[in-house]
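# Survey of secondary and tertiary structure
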Amino acid sequence: MEQTKPSSQDFVSRSLEVTIKVGLVLGLIAWCFMIVKPFLMISLWSVILAVAIYPMYGWIRDKLRNRRIIAAVIVTLFLLLLILVPIILLGGSLGDAVRFVKDALTSGKSLVPPPSEEVRSWPVIGPQLYELWHRASENLANVAIEYKSQLMTGLSWFLSALTNAGLGLMIILGSILISGVILVYADKGSGAARRIAVRLMGAKGTVTIDNAEITIRNVARGILGVAFIQAFLAGIGFLVAGIPGAGLWALIGFLLAIVQIGIGPVIIGVLIYAFIRLSMMTAILLTLWCIIPLVIDNVLKPLLLGRNAPAPMLVVFLGAIGGFISFGIIGLFAGAVVLSLGYDLFRFWLKNENDPAA
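Residues numbered from 1 in each chain as written. Predicted model: local features only at pLDDT ≥ 70, side-chain atom pairs only at ≥ 80, totals over all residues. Heavy atoms only, no water.

Moving on, we come to the packing of aromatic side chains. This structure, assessed with the given rule, holds three aromatic pairs. On the numbers, 5.7 Å between centres and 50° between planes, the contact of Tyr54 with Tyr57 is tilted. Highlighted residues: Tyr54 and Tyr57, both in helix α2 (residues 40-63), separated by three residues, approximately one helical turn. With a relative accessible area of 0%, Tyr57 lands in the buried category. Summarising the aromatic geometry, the rings of Phe228 and Phe254 are spaced 6.5 Å apart at their centres and angled 90° between planes, so their arrangement reads as edge-to-face. With Phe228 in helix α9 (residues 204-241) and Phe254 in helix α10 (residues 246-258), this residue pair connects regions lying 26 residues apart in the sequence. On the basis of relative accessible area, Phe228 is assigned to the partly exposed category, the value being 27%. By the ring-pair criterion, three or more aromatic residues cluster together here, those being Phe228, Phe232 and Phe254. (Phe/Tyr/Trp six-rings, centres within 6.5 Å; stacked < 30°, edge-to-face > 60°. Helix = DSSP H or I, 4+ residues; strand = E, 2+ residues; numbered from the N terminus. Buried < 20%, exposed > 50% of the residue type's maximum accessible area, 1.4 Å probe, protein only.)

Next comes the structure, spelled out in structure tokens:
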């Protein structure tokens, strides 16, 4: 039998039909994305938290004879306390600062204490800083008027950062609660993720999911965990030494440690204040204590970031920092996972390229 060749009209008709179907599917996907977009950030955070803390959850669950709900509640409460306790301490520090300002305004005292004569001898900035500090201690209003534009810019940035921090805090607290629910159904969720990965990447999909889990946990321990330990230790030292706003300085140090600037600038500033305003013994003891959070970063981070990692520590580190710069704190994890996946795929391609049997 002779087969008739499809006419150009049939080809156009089929092409149009395929185009319409693909367009409908893409439109449905785009519509679904728009619907879930408001919940995307909190959902990503919830999954990342659940993956990061699953080993602790699994250990507690096994100790409680597979009581998943109770284990998830314990882990969730622990994370909430881990977040809320520093916030309460920070609130106490800010409350002390507010009371100090109120008392100074009520009594007519200057909000800015006079500088020590030692400030004048500081290299480079000493004389200028002493002069400005001295003027502010005598008449803060005149100095504020003189530097009005700089103060308004700084105040605007501070209020914006405070708003973003508040929103971020709400997202983190919500993510902790949702991650507790995810942990209860972790086995089913892990199975679904593996099936999706296998559909997309074949047999290598399971390995990719395992590598992503390891990378997320390493980043959580190596960057966020180390930063928290540094800030916690520094905050204890500040609090015991009687540094005003100890919680606030610890929080700033935590943020600087996350972005890899390090907690050093905060500690240096606090130590300068300690040697000027506190007793010599207190300042020396605080200096010795602050050596611990300063050097612990160099010891713990290489161990935790590279632990069972599917990619070299440098790749994970660059992915985390590059992701943070591009996408914010969620990019710490996404960047490390994506760059590790890219490194793994490149290594797989290179191996096949050099394999004569391939």
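Read on for the rest.
As a further point, take a nonpolar patch on the surface. A cluster of nonpolar side chains, Phe275, Met280, Met281, Ile284, Leu285, Leu288, Ile291, Leu294 and Val295, forms an exposed patch at the surface whose accessible area comes to about 830 Å². Ranked by residues supplied to the nonpolar patch, first place goes to helix α12 (residues 280-305) with eight residues. Of note, Phe275 is situated in helix α11 (residues 264-277). Using a relative accessible area of 34% as the deciding quantity, one classes Phe275 as partly exposed. (Patch = residues over 30% accessible without salt bridge, like charges linked within 9 Å, V, L, I, M, F, W, Y side chains within 5 Å. Areas by Shrake-Rupley, 256 points an atom, 1.4 Å probe, with all protein chains shown as cover. Salt bridge = Lys/Arg side-chain N within 4 Å of Asp/Glu carboxyl O.)

Turning next to the confidence of the model for the protein chain. Looking at the protein chain as a whole, the pLDDT averages 78, with 81% of positions reaching at least 70. Across the protein chain, element-level confidence peaks in α11 with a mean pLDDT of 86 and bottoms out in helix α4 (residues 117-120) with 68. (pLDDT = per-residue confidence, 0-100.)

When the terminal C-alpha atoms of helix α1 (residues 8-36) are compared, their 42 Å separation across 29 residues agrees well with the 42 Å that a helix rising 1.5 Å per residue should span. Among the 29 residues that make up α1, zero are buried, leaving the element largely open to the surroundings. (Expected span 1.5 Å × (residues − 1).)

Once that is clear, we can look at the nonpolar core. Core analysis: the biggest nonpolar cluster contains 34 residues, and Val75, Leu183, Val219, Leu332 and Phe333 have the highest contact counts within it. Of all the elements in the fold, those that place two or more residues in this core are α2, α3 (68-107), α7 (148-184), α9, α10, α13 (313-327) and α14 (331-353). If one sorts the elements of this core by residue count, α2 sits on top with eight residues. Among the nonpolar cores identified, the runner-up in size contains 14 residues, and Phe238, Ala241, Ala274 and Cys290 belong to it. (Core = buried A, V, L, I, M, F, W, Y, C linked by side-chain atoms within 4.5 Å.)

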